[in-house]
Amino acid sequence: MRIGLLFIFLSFTALAQPAFSQQHFKKQIPAGNYSGICPLGDNLFAVVDDKAPTDGFHVMRLVVDSLSERITEAEYMGYRSSGLPNRDMEGICYHPSTRTVFISGEADNEVFEYTLDGQRTGRRLQMPDFIKQAESNYGLESLTYDSCRHLFFTATEHVLPGESQVRLLAFGDDLTLQRQYLYQPDAPLSPKHLYGISALCALADGRLLVMERQVRIPRLKIGASALTRIYEVTPADDEQLEKTLLIEFKTRITLFGRKFANFEGLCQVSPSLILLIADSQDRYKGVLRDWFRLESISPSSM
């Protein structure tokens with residue numbers, strides 16, 4: 001009798017869950033600490049891993065069906081290593097005119113350029129000295145390239161010491177700092193929440209997305225939750241950025257569910273779809289998964 005009731009309860013719980021395109025590929029994609037993603041073209045994506053053995057990036061082949069909003073094929077294509085030490089790689093973007101990628105590192109708060117086989121070119125964004133003030137583990141988390149404005153955008157995960165807002169930095173194709181903007185991140189939901197800006201994504205229509213996350217992990221792990229919010233901003237002449245909430249969702253660990261996902265990477269895959277990738281901490285204790293999630297975005301109202 002109890003088994004029957006439990007089965008009915010579990011069935012009802014499954015039916016009551018909201019539908020969304022969140023997937024994982026245990027056999028096709030190796031466990032990782034994935035923290036940033038960008039498209040390279042031809043269904044190929046470069047992905048950084050902040051715990052990889054060396055500095056560099058993974059390459060994955062992901063085929064996205066825009067109609068069903070699902071990933072229909074996933075294939076791991078290997079790791080492109082620079083041969084240099086891991087520097088806590090967090091964000092990655094593709095630069096079309098040079099056919100190279102740029103990667104932000106939180107350990108050194110630098111953004112270096114790499115060839116598509118993983119070697120450093122020797123070039124880097126000319127990062128201002130004040131970024132070095134970023135607290136440990138709260139430095140350069142995000143990176144994107146805006147093909148409309150021909151600008152790289154990056155930001156620290158938290159505000160710098162002594163300041164009240166995050167500085168969003170814009171660098172030109174010559175790799176020099178062009179503009180600074182001020183962005184007001186959400187306050188933590190509680191003192192126990194880990195929070196901050198985890199990713200930026202420049203859209204093809206000129207908008208810029210900012211992904212913030214709030215994560216709470218109780219000692220026993222059951223009840224852990226991650227709140228993800230994606231905001232739209234429009235960098236223009238004003239220094240102060242006004243943000244508009246586009247997407248909000250929460251994932252959890254429950255007795256019967258393992259959908260919890262700490263999303264750290266974000267990129268655009270079609271005019272109406274964005275792709276998120278989560279950090280599973282190498283599929284921690286077999287509970288966490290390397291989640292991919294597709295979300296719809298509305299056309300620009302600009």
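For the structure itself, consult the block above.
Residues numbered from 1 in each chain as written. Predicted model: local features only at pLDDT ≥ 70, side-chain atom pairs only at ≥ 80, totals over all residues. Heavy atoms only, no water.

*Asks:* Can you help me understand the sheet that holds strand β10 (residues 140–146) in this one?
*Replies:* Paired through backbone hydrogen bonds, the strands of a sheet run either parallel or antiparallel to each other. Across the sheet, which stays open at both edges, the 4 strands sit in the order β10-β11-β12-β13 with antiparallel pairing between neighbours. Taken across any chain shown, the strands that pair with only one partner, and hence form the sheet edges, are β10 and β13 (177–183). Looking at each pair of strands side by side, their axes are set apart by 20 degrees on average, direction ignored. In the sheet, strand β12 (residues 166–172) pairs with β13 via 6 bridges, with the strands oriented antiparallel. The residue bridging Leu168 from the neighbouring strand is Tyr181, located in β13. (Pairing = 2+ DSSP bridges. Helix = DSSP H or I, 4+ residues; strand = E, 2+ residues; numbered from the N terminus. Axes fitted to C-alpha atoms, helices over the stretch in contact; angles between N-to-C directions.)

*Asks:* Teacher, can you tell me more about the environment of Phe102 here?
*Replies:* Its location among the elements puts Phe102 in strand β7 (residues 100–105). The exposure class assigned to Phe102 is buried, which follows from its relative accessible area of 0%. Linking Phe102 and Arg87, residues 15 residues apart in sequence, is a C-alpha distance of 13 Å. (Buried < 20%, exposed > 50% of the residue type's maximum accessible area, 1.4 Å probe, protein only.)

*Asks:* Which parts of the structure should I look at to understand the pattern of salt bridges?
*Replies:* Side chains that differ in charge, positive against negative, can pair when their charged atoms come close. Enumeration according to the criterion identifies 22 salt bridges in this entry. In this structure, the salt-bridge partner of Asp55 is Arg120, at a minimum N-O distance of 3.0 Å. Of this pair, Asp55 sits in strand β4 (residues 54–65) while Arg120 sits in strand β9 (residues 120–124); the two residues are 65 residues apart in sequence, bridging distant segments of the chain. Salt bridges sharing partners connect three or more residues here, namely Asp186, Glu212, Arg229, Lys243 and Glu248. (Salt bridge = Lys/Arg side-chain N within 4 Å of Asp/Glu carboxyl O.)

*Asks:* Can you help me understand the pairing of strand β18 (residues 263–270) in this one?
*Replies:* Taken across its 8 residues, β18 has 7 buried, putting it largely inside the fold. Taken together, the 6 bridges between β18 and strand β19 (residues 273–278) define a ladder with antiparallel strand orientation. Of the residues in β19, the one forming a bridge with Phe263 is Ala278. Counted between consecutive antiparallel strands, the loop separating β18 from β19 contains 2 residues.

*Asks:* Quick question: what am I supposed to make of the side chain of Asn33 here?
*Replies:* Inspection of the secondary structure puts Asn33 in the loop between β1 (21–23) and β2 (34–41). Discounting chain neighbours no more than four positions away, the residues touching Asn33 are Val48, Asp49, Asp50, Lys51, Asp279, Gln281 and Asp282. (Contact = heavy atoms within 4.5 Å.)

*Asks:* Explanation requested: a positive patch on the surface in the structure shown.
*Replies:* On the surface, a cluster of positive charge is contributed by Lys26, Lys27, Arg70, Arg258, Lys259 and Arg289. Here Lys259 shows up in the loop between β17 (244–252) and β18. Classification of Lys259 by relative accessible area gives partly exposed; the value is 38%. (Patch = residues over 30% accessible without salt bridge, like charges linked within 9 Å, V, L, I, M, F, W, Y side chains within 5 Å. Areas by Shrake-Rupley, 256 points an atom, 1.4 Å probe, with all protein chains shown as cover. Lys, Arg positive; Asp, Glu negative; His and termini not counted. Charge placed at Lys NZ, Arg CZ, Asp CG, Glu CD.)

*Asks:* In this structure, what is going on with the sheet that holds β19? I would like to understand it.
*Replies:* Across the sheet, 4 strands lie side by side as β1-β20-β19-β18; this open sheet has antiparallel pairing. Looking at the sheet topology across the chains shown, the edges are occupied by β1 and β18. Across the sheet, the mean angle separating the axes of adjacent strands is 20 degrees when strand polarity is ignored. With 5 bridges connecting them, β19 and strand β20 (residues 292–296) associate as antiparallel partners. Each bridged residue has a counterpart across the sheet, and for Ile277 the counterpart in β20 is Phe292.

*Asks:* Hey, could you run me through the packing of aromatic side chains in this one?
*Replies:* The geometry of an aromatic ring pair is captured by two quantities: the separation of the ring centres and the angle between the planes. Within the structure shown, the criterion is met by 4 aromatic pairs. Chaining the aromatic ring pairs together yields one cluster made of Phe102, Tyr145 and Phe152. A cation over a ring is seen here: Arg167 above Phe130, with NZ or CZ 3.9 Å from the ring centre. Taking the ring centre of Tyr231 as reference, the NZ or CZ of Lys243 above it sits at 4.2 Å. (Phe/Tyr/Trp six-rings, centres within 6.5 Å; stacked < 30°, edge-to-face > 60°. Lys NZ or Arg CZ within 6 Å of the ring centre and 35° of its normal.)

*Asks:* Sorry, what's going on with the side chain of Glu113 here?
*Replies:* Inspection of the secondary structure assignment puts Glu113 in strand β8 (residues 110–114). In this structure the side chain of Glu113 is engaged in a polar contact, spanning 2.6 Å, whose partner is the side chain of Thr121. Only 2.8 Å separates the side chain of Glu113 from the side chain of Arg123, close enough to count as a polar contact. Each residue touching Glu113, except ones within four places of it in the same chain, is listed here: Thr98, Thr100, Val101, Phe102, Gln119, Arg120, Thr121 and Arg123. (Polar contact = N/O pair within 3.5 Å; in protein donor to acceptor, adjacent residues only side chain to side chain.)

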